Each structure stands twice: as C-alpha cells, then as structure tokens.
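Understanding the architecture of this molecule
Single-letter residue listing:
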Amino acid sequence: ALTKKATYTLEQYIEYWFENVAELKLKHNSLINYKSAAKKHIHNDLGHINLDKVTPILIQKYLTKKSKECNKSTIAHIKKVLNGTFKLAVKQRLI
C-alpha cells in the first residue's frame, strides 16, 4: 500500500497503477502491451527517478527521444502508461 508521506520511484508507482487501476479497467491485450512498454522502456529509462521529481520537461524529452527509436504503437503504449500513472498520482495528491 502506498501512503502520502513516503517517496516512490516512478517504477514503483507504475506497478501500483497496474495493480489498482489498469488491471481492473483494461482489456487483456491492452494490459499486456502496456506492461511490456513499461518493462522494456519506462522502467529501464526513468523507473529509478522519484515520482515527485519527474517533470513535464523530462517526460517531453523522453518521449521525443523514444519517438526516434520506437514505432508509433509503442510510443502510444508508453504515453498511456505515463498518463494513467500521473492521473492517479495527481488524484492521490502525490504530485
């Protein structure tokens, strides 16, 4: 369980989002694609950063870099994971 007082890495919070939101709302294939994008891309590149230290500029630079390396569907999956994760973090007032 996550609490407001603690600091979480982006990877930890993405996993929390998968367990508590995505797995309940997404179709099976979407969930597989999103988890793959998170594991292969986001976790390796940004997962170590504390959730409260991730900035819009950091995300934009990351997406620009990835758009040169990945196909459009992979970029879409990365964006969906980040969007869902940050929406939940805002809702829970963690950022």
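Look a little higher up for the structure.
The structure contained in this document is the topic of the report that follows. (Residues numbered from 1 in each chain as written. Predicted model: local features only at pLDDT ≥ 70, side-chain atom pairs only at ≥ 80, totals over all residues. Heavy atoms only, no water.)

Position of His43 relative to the elements: it lies in helix H2 (residues 28-46). Exposure remark for His43: the relative accessible area of 11% places this residue in the buried category. At 2.8 Å, the side chain of His43 and the side chain of Glu15 are in polar contact. Excluding anything up to four places from it in sequence, His43 contacts Glu11, Ile14, Glu15, Ala38 and His48. (Helix = DSSP H or I, 4+ residues; strand = E, 2+ residues; numbered from the N terminus. Buried < 20%, exposed > 50% of the residue type's maximum accessible area, 1.4 Å probe, protein only. Polar contact = N/O pair within 3.5 Å; in protein donor to acceptor, adjacent residues only side chain to side chain. Contact = heavy atoms within 4.5 Å.)

Right, let's talk about the pattern of salt bridges for a bit. Summed over the entire model, instances satisfying the criterion amount to 4 salt bridges. Of the charged contacts, one joins Lys65 and Glu69 as a salt bridge, the two residues approaching to 3.5 Å between their closest N and O atoms. Of this pair, Lys65 and Glu69 are both found in helix H3 (residues 56-69), 4 residues apart, which corresponds to roughly one turn of the helix. If you follow the salt bridges from partner to partner, you end up with Asp45, Lys65, Lys66 and Glu69 in one network. (Salt bridge = Lys/Arg side-chain N within 4 Å of Asp/Glu carboxyl O.)

As a volume, the largest pocket reaches approximately 250 Å³. Around the largest pocket, the lining residues are Trp17, Val21, Ala22, Lys25, Leu26, Tyr34, Lys80, Asn83, Gly84, Lys87, Leu88 and Lys91. Among the elements that line the lining of the largest pocket, the one with the most residues is helix H4 (residues 72-91), at 6 residues. A class-by-class count of the residues in the lining of the largest pocket yields 6 nonpolar, 2 polar and 4 charged. (1 Å grid on protein atoms, 1.4 Å probe; cavity = no way out; pocket = protein on both sides within 12 Å on 5 of 7 lines; lining within 4 Å. Points joined across faces, edges and corners; volume = space filled by probe spheres on them. Nonpolar A, V, L, I, M, F, W, Y, C, P; charged D, E, K, R; others polar.)

Closest axis-to-axis distance for the helix H1 (residues 10-25)/H4 pair is 9 Å, and the angle between their directions is 85°. Between H1 and H4, the crossing angle belongs to the class labelled roughly perpendicular. Packed against H1, whose contacting residues are Leu10, Tyr13, Ile14, Tyr16, Trp17, Phe18 and Val21, the element H4 presents Lys80, Val81, Leu82, Gly84, Thr85, Phe86, Leu88 and Ala89 at the interface. Per-class residue counts for the contact of H1 with H4 are 12 nonpolar, 2 polar and 1 charged. (Axes fitted to C-alpha atoms, helices over the stretch in contact; angles between N-to-C directions. Parallel < 35°, antiparallel > 145°, perpendicular 65-115°, else oblique.)

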